[in-house]
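Single-letter residue listing:
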Amino acid sequence: MTERTTEPAAPHEPVVVVVAGALYDGGRLLAARRSAPVELAGRWELPGGKLEPGESPEAALVRELREELGVDVEPGERIPGEWPLKPGYVLRVWTARLLSGEPRPLEDHDELRWLSRSELDSVDWLDQDRPAVAEAARWLPAPDAGARD
Ligand SMILES: Nc1nc2c([nH]c(=O)n2[C@H]2C[C@H](O)[C@@H](COP(=O)(O)OP(=O)(O)OP(=O)(O)O)O2)c(=O)[nH]1
């Protein structure tokens, strides 16, 4: 008797990957306040956007941060983890280093803030971003590292 074995179903890739940047400036992390859509407006997030077909996450990050903030960044390492957003969307985060420009809220955001570790809770992060931000905070200097806010 032959037994048919079936390959396990391929794990489904999320429909949409949102790539965001944990952009650091010394001991601070950049937070961006969304201006749209209305259900997200006023809440804070890590800047970024949707990965386009055929695009690498690093290239998407460079493109998105140029469009949204007017800066050039160098992507670093991926922050371990993946966070569900709305159905069919997941958030993945890369560290990023500012190469040139001063971030400005050109698109999708109406305010930007550099936050030190002790200031991270001072903005109203999107709920779905909170665990990602907690991970991103691990790249900030420890509170007793001697850095002053
Ligand atoms: N960029 C970004 N988007 C997030 C985060 N958290 C979160 O729920 N989102 C949602 C908001 C949007 O529904 C979606 C990303 O869309 P987006 O508007 O930033 O991306 P995009 O620039 O590629 O979009 P588009 O304007 O070209 O349509 O994910 C986050 O930390 N960063």
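None of these values were measured; they are calculated from a predicted model.

**A look at the site of the ligand**
Around the ligand sit 17 residues, and of these Leu46, Lys50, Lys86, Gln128 and Asp129 come closest. Measuring from an oxygen atom of the ligand, one finds a side-chain N or O atom of Lys50 at 2.8 Å. The set of elements that each furnish at least two residues to the shell around the ligand consists of strand E4 (48-50) and helix H1 (57-69). Broken down by element, the shell around the ligand gets its largest block of residues, 3 residues, from E4. Per-class residue counts for the shell around the ligand are 6 nonpolar, 3 polar and 8 charged.

**Some points on the side chain of Arg34**
Along the chain, Arg34 turns up in strand E2 (residues 28-34). Judged by relative accessible area, Arg34 falls into the buried class, the value being 15%. For Arg34, the side chain forms a polar contact with the main-chain oxygen of Ala36, separated by 2.7 Å. One polar contact links Arg34 to Glu45, side chain to side chain, over a distance of 2.9 Å.

**Describing H1**
For H1, which comprises 13 residues, the first-to-last C-alpha distance of 17 Å matches the rise-based estimate of 18 Å (1.5 Å per residue) to within 8%. Those residues of H1 lying buried are Ala60, Leu61, Val62, Arg63, Glu64, Leu65, Glu68 and Leu69. At its buried positions, H1 is contacted by strand E1 (16-25), E2, E4, strand E5 (72-84), strand E6 (89-100) and strand E7 (109-116). One or two positions beyond H1, positive phi appears at Gly70, with a value near 70 degrees.

**What about the pairing of E1?**
Across the 10 residues of E1, 9 count as buried, placing the element largely inside the fold. Bridging between E1 and E6 involves 9 bridges; their strand directions are parallel. For Ala20, the partnering residue across the bridge sits in E6 and is Val93. Where E1 and E4 come together, 3 bridges link them in antiparallel fashion. Bridge pairing in E4 places Ala20 opposite Gly48.

Rules used in this analysis
Residues numbered from 1 in each chain as written. Predicted model: local features only at pLDDT ≥ 70, side-chain atom pairs only at ≥ 80, totals over all residues. Heavy atoms only, no water. Near = heavy atom within 4 Å. Polar contact = N/O pair within 3.5 Å; in protein donor to acceptor, adjacent residues only side chain to side chain. Helix = DSSP H or I, 4+ residues; strand = E, 2+ residues; numbered from the N terminus. Nonpolar A, V, L, I, M, F, W, Y, C, P; charged D, E, K, R; others polar. Buried < 20%, exposed > 50% of the residue type's maximum accessible area, 1.4 Å probe, protein only. Expected span 1.5 Å × (residues − 1). Contact = heavy atoms within 4.5 Å. Pairing = 2+ DSSP bridges.

That is the geometry; function is a separate question.
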